[in-house]
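Here's the letter readout for the chains.
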Amino acid sequence: MVISRALYFRRRLANMVFIVLSVSAALFGLVWLTFILGELLKEGISALSPTLFTEMTPPPGSKGGLANAIGGSILMSVMAVAAGTPIGLFAGTYLAEYARFGKLAFVVRFVNDILLSAPSIIVGLFVYEILVVPMGHFSGWAGVAALTVIVIPVVVRTTENMLLLVPDGLREAAAALGAPKNFVIKLVTWKAARAGIITGVLLAVARISGETAPLLFTALGNSGWGWDLKAMNEPMASLPGVIFSFANSAYDDQRALAWAGALLITATVLALSVIARLLENQKRT
Amino acid sequence: MTDISLSDNTPQLTALSTRVETARRAGAGDTRFRLMALAAALTVLAIFAGVIASLLIGSMPAFKAFGFAFITTEVWSPTRERFGALASIYGTLVTSLIAMVIAVPVGIGVAIFLTDLCPRSLRRPIGTAIELLAGIPSIIYGIWGFFVFAPWFQEHVQQPLIDVCANIPVLNVLFGGNAFGIGIFTAALILSIMILPFIAAVTRDVLETVPSVLKEASYGLGATSWEVMWKVCLPFCQTGIVGGAMLALGRALGETMAVTFVIGNAHKIDPSLLAPGTSISASIANEFTEATGELYRSALIELGLLLFVITFIVLAAAQLMLRRMERSKGK
């Protein structure tokens, strides 16, 4: 047998090049990403202070905090999740439990996946058209509506995926004991899929807490903040919205606030994703 | 009274009738529950239909005024009320294209590193880091791009690039002009960093579905890692990777905040990639709240409609590919 040294060498060389390239790809990715996080930490931490949580967003040239933006973001996110989760849960249940192979389910699944990755700025335009124009002004409610539209597809997708992981034997056993279908779903499959569904909701919260584009033309922004529901009827500040308007500011104070807000949002989003992952892993073991 | 006497005489009958009653109530509950689920599913469809309808209605005035010429005109002049989408469409397509050219090979490289080359103990932390970074909100990329990346890029990459390319034909046009820092190319690079973790995560998930028997068989025949990856794993995962890349493209096309910060907001098509430009989403985000006049606003909504149509086509194709892959996996 003749061993072609040239061929052997070529194959070894190609392999080396391949390994070097993919290792450097990984390094390339990690370097950028640490660069971003590092800069965010550096700029954000130096801008952190207790007054962030107690004072309102300042007019140009003076000091202030982000209290109204933080409050607005939390309020709108909580309401959007409260409104979007039941709809998403039931729609996901419909797909997994009632019409797994039906034509309607196929269409809903397809449309849902499109909505899941559709540009969020489109959602802002949609809510602007159906809520802001008829009401005549920007409002916290419109912001909630826009965020709800973003929550629903996320919850639908995870709910369906998680319910499909529940073995059919469980459903059949419950049905054989005489449980009507809604009992089977409520007491057996939802319970079995609970951790996964909660993960989905957490991911939805993570997703909307950083959303900016859909809030620009719905909630707009506000330099004040009221603790009653009437405030929902007014334009409402949000963290991402404040970052967007302050980042281009000529004043250092406002730019520092933008960085502080960016750090807060990123910390929230990353914490939520970590909790979601922990829950998911717990379920697997 | 009759109830009691009945139960006195025939206990089984009562038991039966209570059971029938319970079953009937449960049945009614069943119908109600199913209808609620159905209604929720229809809500999803209604939102989708509502999005299309509202965009169509909103863009009517602009469509009536400009017709299809809207897509092919570059002029964007709010003061003269003349609007054309060409510069925005150009910016959206070019930034996404450049981003894909960079992010797809690098993303696949990262995924290969994670599945095959990375030491086992590092696999989970690096994988998790990449997944978490895919979740960082786009406004963070935007603010970082604007304050940190663009100035650095202007000084250390753009200026040298312009100098080097100054006497090379074609390149001196593509990379000509002044170093602004912000611009189409900067936006494209930031987009590529944003979609990189996404492509890496999808590709890694797909690569993990390759049966180990296939890999072991090829290693057994003496193949190198490169040959196993290139001739066995990647062909096996082709559909999944292409589907994942299309999903990423869908994101890149619609990405708003990161692009808005760094693209420069100039409604013109410049032959130089370093020049400021605009994209559909950046135009809408920047101008919508300030748009006065029905026609201006309607033109921006028509831009939104165009973006929706473009992303719909890309995402629908991605869906179909991923579905096909899932089905063939099921066999």
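Keep in mind it's a predicted model, so treat the numbers as computed, not measured. (Residues numbered from 1 in each chain as written. Chains lettered and ligands numbered in written order. Predicted model: local features only at pLDDT ≥ 70, side-chain atom pairs only at ≥ 80, totals over all residues. Heavy atoms only, no water.)

Chemist: Sorry if this is basic, but what is going on with the interface of chain A and chain B here?
Modeler: Put simply, an interface is often sized by how much accessible area is lost when its parts join up. With 78 residues of chain A in contact, the opposing surface of chain B contributes 79 residues. For the pair chain A and chain B, the summed buried surface comes to about 7,200 Å²; carbon and sulfur atoms form 82% of the total. Taken as a group, Phe18(A), Ile36(A) and Phe90(A) account for 9% of the area that chain A buries against chain B, more than any other trio of residues on that side. At the junction of chain A and chain B, the tally comes to three salt bridges. (Contact = heavy atoms within 4.5 Å. Buried area = accessible area lost by both parts, 1.4 Å probe. Salt bridge = Lys/Arg side-chain N within 4 Å of Asp/Glu carboxyl O.)

Chemist: Help me understand the pattern of salt bridges, please; the structure alone is not making it clear to me.
Modeler: Pairs can form between side chains of opposite charge whenever their charged atoms are close. This model, assessed by the stated rule, comprises 16 salt bridges over all chains. Asp116(B) serves as the salt-bridge partner of Lys215(B), at 3.4 Å between the closest nitrogen and oxygen. Here Lys215(B) is found in helix 9 (residues 212-220), whereas its partner Asp116(B) is found in helix 4 (residues 86-117), with 99 residues between them in sequence. Looking at Asp116(B), the relative accessible area reads 26%, which means it is partly exposed. One connected set of salt bridges, linked through shared partners, spans Arg109(A), Asp113(A), Arg157(A), Glu160(A) and Arg323(B). (Helix = DSSP H or I, 4+ residues; strand = E, 2+ residues; numbered from the N terminus. Buried < 20%, exposed > 50% of the residue type's maximum accessible area, 1.4 Å probe, protein only.)

Chemist: Any chance you could explain the packing of aromatic side chains here in plain terms?
Modeler: In this description, an aromatic ring pair is defined by two values, namely the gap between the centres and the angle between the planes. Applying the stated rule across the entire model yields 33 aromatic pairs over all chains. Centre to centre, the rings of Phe35(A) and Trp144(B) are 5.4 Å apart; their planes meet at 85°, and the pair counts as edge-to-face. Taken as a pair, Phe35(A) in helix 1 (residues 5-47) and Trp144(B) in helix 6 (residues 138-165) lie in two separate chains rather than in one. According to the relative accessible area criterion, Phe35(A) is partly exposed, its value standing at 27%. Classification of Trp144(B) as buried rests on a relative accessible area of 1%. Taking 5.7 Å as the distance between ring centres and 85° as the angle between the ring planes, the aromatic pair formed by Phe90(A) and Trp190(A) counts as edge-to-face. Taken together, the positions of Phe90(A) in helix 2 (residues 67-98) and Trp190(A) in helix 7 (residues 181-192) put the pair 100 residues apart, joining distant regions of the chain. Taken together, the ring pairs in this structure connect Phe28(A), Trp32(A), Phe35(A), Trp144(B), Phe149(B), Trp152(B), Phe153(B), Phe175(B) and Phe185(B) into an aromatic cluster. Here the guanidinium or amino end of Arg251(B) rests over the ring plane of Phe198(B), the centre of that ring lying 4.1 Å away. (Phe/Tyr/Trp six-rings, centres within 6.5 Å; stacked < 30°, edge-to-face > 60°. Lys NZ or Arg CZ within 6 Å of the ring centre and 35° of its normal.)

Honestly, it's all geometry; don't read function into it.
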